Amino acid sequence: MFPFIAGAEDLARALALLQESRAELKAAGQVMGDRVSVGVTVEVPSAALCADLLAGSVDFLSIGTNDLIQYLLAVDRSDPRVSRHYQPLHPAVLRTLRGVVAAGARTGIEVSVCGEMAADPLHALVLLGLGVRDLSMNPAAIPRVKMAIRSVEMETLGPLVAACLDLATAEQIETKLRTALGEILAPCEAAPSGLIPS
């Protein structure tokens, strides 16, 4: 998986280097598989906007939400002076994620998400509503996210998240989601992380 790819030119260079390395190993007599699965971490806004141009050349896309959100919103989430502006439910973030997922769907490749967004029960449900089916997170977050996923009817998430994409602010989106999903989310968010029985 190639990190920090900014666009098709970066990907072409990375793929060329991969082929060069494989040729060197083959010349040295090293045994290797005929093919290796190749993917891109979508964490730069330019890569997200060009996801359709990348998807045709790789086997999977993995959205790195921590950096992608930070760069999209021009917010350093570790800086207490501005970290409140780091908003995973910002309309620009959700619309960007929708575009990457759609690019993967059009080309038939898997789109996964890694980062703190996947570890939050509410945000994980939003990702599922956008069409993501593979989430990567800190192991301690798995029980609460699993509990949320098991408590919801999957077919309701798509229309709910689609309706949120028409809202103007992260606050409006969160209010709509919590109104619709509050009863499901309350026990998941209240439970201590990592202590829910599977």
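Source: prediction; values computed, not measured. (Residues numbered from 1 in each chain as written. Predicted model: local features only at pLDDT ≥ 70, side-chain atom pairs only at ≥ 80, totals over all residues. Heavy atoms only, no water.)

**Structural notes on the overall build of the protein chain**
The condition is simple: For helices the rule is a DSSP run of H or I covering at least 4 residues; for strands it is a run of E covering at least 2, with both sets numbered from the N terminus onward. In this scheme, a residue with accessible area under 20% of its type's maximum is buried, one over 50% is exposed, and one in between is partly exposed, where area comes from a 1.4 Å probe on protein chains only. Contact between two residues is taken to exist if any of their heavy atoms lie within 4.5 Å; hydrogens are not considered. Residue exposure ignores everything except the shown protein chains as possible cover, and the areas themselves are Shrake-Rupley values with a 1.4 Å probe.
Secondary structure assignment for the protein chain yields nine helices and four strands. Overall, the protein chain shows an N-to-C arrangement of helices and strands of α-β-α-α-β-α-α-β-α-β-α-α-α. Here the C-alpha coordinates of the protein chain stretch approximately 60 × 35 × 35 Å along the principal axes. For the protein chain, buried positions account for 42% of its 198 residues. Nonlocal contacts in the protein chain, meaning residues at least 24 apart in sequence, comprise 58% of its contacts between residues at least 6 apart. Working note: accessible area of the protein chain is about 10,500 Å², and carbon and sulfur atoms make up 54% of it.

**Quick word on helix H9 (residues 170-190)**
Put simply, the rule is: A helix is expected to reach a length of 1.5 Å times the quantity of its residues less one.
Here H9 is 21 residues long, yet its end C-alpha atoms lie only 22 Å apart, well below the 30 Å a rise of 1.5 Å per residue gives. Taken together, the buried positions of H9 are Ala-170, Ile-173, Leu-177, Leu-181, Ile-184, Leu-185 and Cys-188. Where H9 is buried, its residues touch helix H5 (91-107), helix H6 (121-130), helix H7 (142-150) and helix H8 (154-164).

**Quick word on the pattern of salt bridges**
Heads up, the condition is: In what follows, salt bridge is the name for a side-chain nitrogen of Lys or Arg lying within 4 Å of a carboxyl oxygen of Asp or Glu.
Taken as a whole and judged by the stated rule, the model has five salt bridges. Across the pair Glu-9 and Arg-13 runs a salt bridge whose closest N-O atoms are separated by 2.8 Å. Pair noted here: Glu-9 and Arg-13 are both in helix H1 (residues 8-27), with a separation of four residues, about one helical turn. Since its relative accessible area comes to 52%, Arg-13 is described here as exposed. Salt-bridge contacts for Arg-35 lead to Asp-59; the nearest nitrogen and oxygen are separated by 2.6 Å. Within this pair, whereas Arg-35 is found in the loop between H1 and strand S1 (39-42), its partner Asp-59 is found in the loop between helix H3 (51-55) and strand S2 (60-64), the two being separated by 24 residues in sequence. A cluster of three or more residues bridged by salt bridges with shared partners is formed by Glu-174, Arg-178 and Glu-189.

**Remarks on the packing of H5 against H6**
Cut-off, in case you're wondering: Lines fitted to C-alpha atoms define the axes, with helix axes restricted to the stretch in contact, and inter-axis angles between N-to-C directions lie between 0 and 180 degrees. Roughly parallel covers angles under 35 degrees, roughly antiparallel covers those over 145, roughly perpendicular covers 65 to 115, and oblique covers all other angles. Each crossing gets its hand from how the near helix is turned against the far one by less than a right angle, where anticlockwise is left-handed and clockwise is right-handed. Note on residue classes: Ala, Val, Leu, Ile, Met, Phe, Trp, Tyr, Cys and Pro are nonpolar, Asp, Glu, Lys and Arg are charged, and everything else, Gly too, is polar.
Packing of H5 against H6 brings their axes to within 10 Å, and their N-to-C directions diverge by 45°. When the axes of H5 and H6 are compared, the pair comes out oblique. For the pair H5 and H6, the crossing hand works out as right-handed. In this structure, H5 contributes Leu-94, Leu-97, Arg-98 and Val-101 to the contact, and H6 contributes Val-126, Leu-127 and Leu-130. Class assignment of the residues belonging to the contact of H5 with H6 gives a composition of six nonpolar, no polar and one charged.

**Thoughts on the packing of H6 against H8**
Where H6 contacts H8, the two axes come as close as 7 Å, and the packing angle between them is 85°. Comparing the axis directions of H6 and H8 gives the class roughly perpendicular. Of the residues in H8, those in contact with Leu-125, Val-126, Leu-128, Gly-129 and Leu-130 of H6 are Met-154, Leu-157, Gly-158 and Val-161. Across the contact of H6 with H8, the residue classes break down as seven nonpolar, two polar and no charged.

**Here's the deal with the environment of Thr-179**
Filter applied, for reference: A 3.5 Å cut-off defines polar contacts: any pair of N or O atoms within that distance qualifies, except that in protein one atom must be a possible hydrogen donor and the other a possible acceptor, and neighbouring residues in sequence count only when both atoms are side-chain atoms.
The topology assignment puts Thr-179 in helix H9. On the basis of relative accessibility, which here comes to 66%, the residue Thr-179 falls in the exposed class. Expressed as a C-alpha distance, the spacing of Thr-179 and Leu-25, which sit 154 residues apart in the sequence, is 57 Å. At 2.8 Å, the side chain of Thr-179 forms a polar contact with the backbone oxygen of Thr-175.

**Here's the deal with H7**
Every buried residue belonging to H7 is among Pro-143, Arg-144, Val-145 and Ala-148, and all of these are buried. Buried residues in H7 make contact with H6, strand S4 (134-136) and H9.

**Some points on the pairing of S2**
Put simply, side chains in a regular strand alternate between the two faces of the sheet. For clarity, the cut-off: Being paired, for any two strands, means DSSP has found at least two bridges between them.
For S2, a buried count of four out of five residues is recorded, marking the element as mostly surrounded by other parts of the structure. Examined bridge by bridge, S1 and S2 share four bridges and lie parallel to one another. Bridging from a neighbouring strand, Gly-39 pairs with Phe-60 of S2. Across five bridges, the pairing between S2 and strand S3 (residues 110-114) is parallel. Of the residues in S3, the one forming a bridge with Leu-61 is Val-111.

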